[in-house]
Amino acid sequence: MGKFVRCVAHVARAALRPFFPVKVYGERNIPNKKCLVVGNHLSGWDPIIFTMWTKHILSFVYKAEFRKIPFLKWVFDELDCVPVRRGDIDMNATKTIMRLLHDDKAVFLFPEGTRNPSRDTLQEFRTGAALFAIKTRSPIRPFYIWDKTKALHKNYILVGEEFTLEEFYDKPVNHETLAAATAIIKQKVEELRIKLNAYLESRGKKRRKLTRKETEKLKKYNSRQHTFEKKIADQGVYGDEGDSNR
């Protein structure tokens, strides 16, 4: 990481903190060592507020479209951040993440793969985090962000304990292995979600009201989820009927 960019990043963190108040529960001093830092994804601000309120500036995965902006491309490159082309199998990103972990660096990524319009549920997790953790035998640090970041609205983050997927280290890295490992990662984040929500509810904390745009996105998301679940249910019913006619 370039010293100049590091200094700029520290100054920017100090300048932005008053506008984005965040309370972090759990470990704030996350060392920049071999580790995958994974959690839910609600906003494009997520990696910024996370590194803003923890002790170290970590490398994070970001969508490659941001590289079209020369200044951001320069900053992200200096911070060892990893661009990913969404919708593709990005071998360059995979190799870069593996190299950072092999070099004993922490990598911050979102297994959901895209921003989640729902603040109350997790989307399905992609298997990349499990693959990286198993291949490099890296520990995983889960976190959960309570709400979508908005300026001057207090947010909360719960950082969990490190864990490993060592039960999968000596198994073949196939679809079944990655699915089972990914389910464990998601469950760890889900446990943080339940824990933080219960704690904040007991203290009378309420999320801010959704904007009209956010409400529309949530309605469309819920509609797609309902359609998908109905399709799966129908396939199950028809599949059973097909078997019974044989």
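Here we summarise the structure given alongside this text. Fair warning: this is a prediction, and the values are worked out from it, not measured in the lab.

## A look at the layout of surface pockets
There is about 1,600 Å³ of room inside the largest pocket. For the largest pocket, the lining is made up of 50 residues, of which Pro47, Phe60, Val61, Tyr62 and Lys63 are closest to its centre. The set of elements that each furnish at least two residues to the lining of the largest pocket consists of helix 1 (3-16), helix 2 (46-53), strand 3 (59-63), helix 3 (70-78), helix 4 (91-102) and helix 5 (128-136). It is helix 1 that contributes the most residues to the lining of the largest pocket, seven residues altogether. The residue makeup of the lining of the largest pocket, split by class, is 33 nonpolar, nine polar and eight charged. In this structure, the second largest pocket spans a volume of roughly 390 Å³. Looking at the second largest pocket, it is lined by 19 residues, and the ones nearest its centre are Leu42, Arg115, Pro117, Lys148 and Lys217. By residue class, the composition of the lining of the second largest pocket is five nonpolar, six polar and eight charged.

## Comments concerning helix 4
Across its 12 residues, helix 4 extends 16 Å between first and last C-alpha, which sits within 8% of the 16 Å expected from 1.5 Å per residue. Among all positions in helix 4, only Ala93, Ile97, Met98, Leu100 and Leu101 are buried. Projected down its long axis, helix 4 shows its buried positions confined to an angular sector of 160°, all on one face. Facing away from the buried surface of helix 4 by more than 90 degrees, the exposed residues are Asn92, Lys95 and His102. Elements in contact with the buried residues of helix 4: strand 2 (35-39), strand 3, strand 4 (82-84), strand 5 (106-109) and helix 5. Of the residues flanking the start of helix 4, the one acting as N-cap is aspartate 90, its side-chain oxygen 3.2 Å from the backbone nitrogen of asparagine 92. Aspartate 104 sits one or two residues past helix 4 and shows a positive phi near 65°.

Calculation notes
- Residues numbered from 1 in each chain as written.
- Predicted model: local features only at pLDDT ≥ 70, side-chain atom pairs only at ≥ 80, totals over all residues.
- Heavy atoms only, no water.
- 1 Å grid on protein atoms, 1.4 Å probe; cavity = no way out; pocket = protein on both sides within 12 Å on 5 of 7 lines; lining within 4 Å.
- Points joined across faces, edges and corners; volume = space filled by probe spheres on them.
- Helix = DSSP H or I, 4+ residues; strand = E, 2+ residues; numbered from the N terminus.
- Nonpolar A, V, L, I, M, F, W, Y, C, P; charged D, E, K, R; others polar.
- Expected span 1.5 Å × (residues − 1).
- Buried < 20%, exposed > 50% of the residue type's maximum accessible area, 1.4 Å probe, protein only.
- Arc of directions from axis to C-beta.
- Contact = heavy atoms within 4.5 Å.
- Polar contact = N/O pair within 3.5 Å; in protein donor to acceptor, adjacent residues only side chain to side chain.

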